[in-house]
Amino acid sequence: MKTLSVLMLGLAAGAVLSAPAVAKNVDLATVPPRDSVQLTIYNSEDLTLAREVRSLTLQKGINRIQYSWAGTLIDPTSVDIRPLEKEADVEVLDTTFPGDKPQHLIWNIQSKIEGQVKFEVTYFTSGISWSADYVLTTNPAETEMSFDGYVQVYNRSGEDYENAQVRLVVGVVN
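Quantities reported herein were computed from a predicted structural model and do not represent experimental measurements.

So, how was this worked out
Residues numbered from 1 in each chain as written. Predicted model: local features only at pLDDT ≥ 70, side-chain atom pairs only at ≥ 80, totals over all residues. Heavy atoms only, no water. Helix = DSSP H or I, 4+ residues; strand = E, 2+ residues; numbered from the N terminus. Buried < 20%, exposed > 50% of the residue type's maximum accessible area, 1.4 Å probe, protein only. Core = buried A, V, L, I, M, F, W, Y, C linked by side-chain atoms within 4.5 Å. Contact = heavy atoms within 4.5 Å.

### A word on unusual backbone geometry
The bulk of non-glycine residues show a negative phi, and the bulk of peptide bonds are trans.
Next, step 1: The backbone phi angle of Asp 46 is positive, close to 50°, even though this residue is not glycine.
Next, step 2: Relative to the helices and strands, Asp 46 resides in the loop between strand E3 (36-42) and strand E4 (47-58).
Next, step 3: Exposure remark for Asp 46: the relative accessible area of 41% places this residue in the partly exposed category.
Next, step 4: Non-glycine residue Lys 86 carries a positive phi angle of around 55°.

### So, the nonpolar core
Next, step 1: Core analysis: the biggest nonpolar cluster contains 29 residues, and Tyr 67, Trp 107 and Ile 109 have the highest contact counts within it.
Next, step 2: Taken together, the elements giving at least two residues each to this core come down to E3, E4, strand E5 (61-68), strand E8 (104-111), strand E9 (115-125), strand E10 (128-138) and strand E11 (145-155).
Next, step 3: At four residues, E9 tops the list of elements feeding residues into this core.
Next, step 4: Among all residues touching Ile 109, those that are not within four sequence positions of it are Leu 56, Leu 58, Gly 61, Ile 62, Asn 63, Ile 65, Ile 81, Val 90, Glu 91, Val 92, Leu 93 and Phe 119.

Written out as structure tokens, the structure is:
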């Protein structure tokens, strides 16, 4: 179990940037590391919405991009990808689930250009929860007080979300 302590008022963390190498004559490529990730944790439902930004290096023509969630609690029916830029030049044609590779999918992406394009990958996962603790402190005369809230996030999803921006939601999901 991984534990992350977060001050309730400062839940946003910085993004880790990476630059994958340019691919030539590649038929199948694996999704590169995240540029950033945002988690919206719905505590009452054991449900988390993950939004990742990844820079894919595309060739002109059809690009086959492989995505794997082996060993995680990611819901494969919820995985989606969309370009965040150059939408007129890039189109996600389809998503296939190869029968010989469980917990994998392949996106076929048509590109009119070569180079890097930012994509958003979204999906639901379970196994991430949070709890809050509050501390109320008064001065000896009890005329002033401070109120601090702390959140602890537990990640049992099987996926690491380093430097994630975190949103916490209380209540029932509609």
